[in-house]
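# Report on the structure
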Amino acid sequence: VMMMMVAHSIVRAHAWEFMNESWQNFSELYNGGGVKLLSIAKSVVNGFTTQAELDDVTSFFASHVVQGTERGVRKSIEGISANIAWLTRDRDEILGYFQSKA
């Protein structure tokens, strides 16, 4: 259910907050984590686009290591970094396009 809810940025921020606060419960539910838990976490963080979100995710996973998911965590962090770079590069052009269509 959580994976479907995070399509909207406001819900995504709340889902990340909930996941942070409930990490121990998620970890127990998924027998210590593993790929299934990482897949839920990735669905939440993949749409992040700010440096603050990147810093938060990086810090969180540095202190909440889930064995066997290191590569997936790294890819999620790289994805957030790519989102930030893309928006930094193209934000003005995208805004201009949508403003011209309004």
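Residues numbered from 1 in each chain as written. Predicted model: local features only at pLDDT ≥ 70, side-chain atom pairs only at ≥ 80, totals over all residues. Heavy atoms only, no water.

## Brief notes about the confidence of the model for the chain
The share of residues in the chain with pLDDT of 70 or more is 96%, and the mean pLDDT across the chain is 89. Mean pLDDT across the elements of the chain bottoms out in helix α1 (residues 2-5) (66) and peaks in helix α5 (residues 51-63) (96). (pLDDT = per-residue confidence, 0-100. Helix = DSSP H or I, 4+ residues; strand = E, 2+ residues; numbered from the N terminus.)

## Notes on the environment of Asn20
Inspection of the secondary structure puts Asn20 in helix α2 (residues 9-21). Classification of Asn20 by relative accessible area gives partly exposed; the value is 23%. Once the C-alpha coordinates of Asn20 and Ala41 are considered, the two residues, 21 residues apart in sequence, prove to be 9.8 Å apart. Sequence-distant contacts of Asn20, that is, excluding residues within four places in its chain, are made with Asp56 and Phe60. (Buried < 20%, exposed > 50% of the residue type's maximum accessible area, 1.4 Å probe, protein only. Contact = heavy atoms within 4.5 Å.)

## A look at the pattern of salt bridges
Scanning the entire structure with this criterion turns up 1 salt bridge. One salt bridge connects Arg89 with Asp90, and the closest N-O pair in it is separated by 2.7 Å. For Arg89, a relative accessible area of 61% corresponds to the exposed category. Given the relative accessible area of 15%, Asp90 is considered buried. (Salt bridge = Lys/Arg side-chain N within 4 Å of Asp/Glu carboxyl O.)

## Here's the deal with α2
Here α2 contains 13 residues, and its C-alpha end-to-end distance of 19 Å stays within 8% of the 18 Å for a straight helix at 1.5 Å per residue. Listing the buried residues of α2 in full gives Arg12, Ala15, Trp16 and Met19. Angularly, the buried residues of α2 cover 100° about the axis, an arc narrow enough to put them on a single face. Of the exposed residues in α2, those oriented more than 90 degrees away from the buried face are Ile10, His14 and Glu21. (Expected span 1.5 Å × (residues − 1). Arc of directions from axis to C-beta.)

## Re the side chain of Arg12
On the secondary structure map, Arg12 appears in helix α2. Glu53 is the oppositely charged side chain nearest to the buried, salt-bridge-free Arg12, at an N-O distance of 6.3 Å. Excluding residues that lie within four positions of it along the chain, Arg12 makes contacts with Val6, Ala7, Val44, Gly47 and Phe48. (Lys, Arg positive; Asp, Glu negative; His and termini not counted.)

## Section: the environment of Ser43
Following the sequence through the fold, Ser43 ends up in helix α4 (residues 34-45). Within the local environment of Ser43, its side chain forms a polar contact with the backbone oxygen of Ile40, the two atoms lying 2.6 Å apart. (Polar contact = N/O pair within 3.5 Å; in protein donor to acceptor, adjacent residues only side chain to side chain.)

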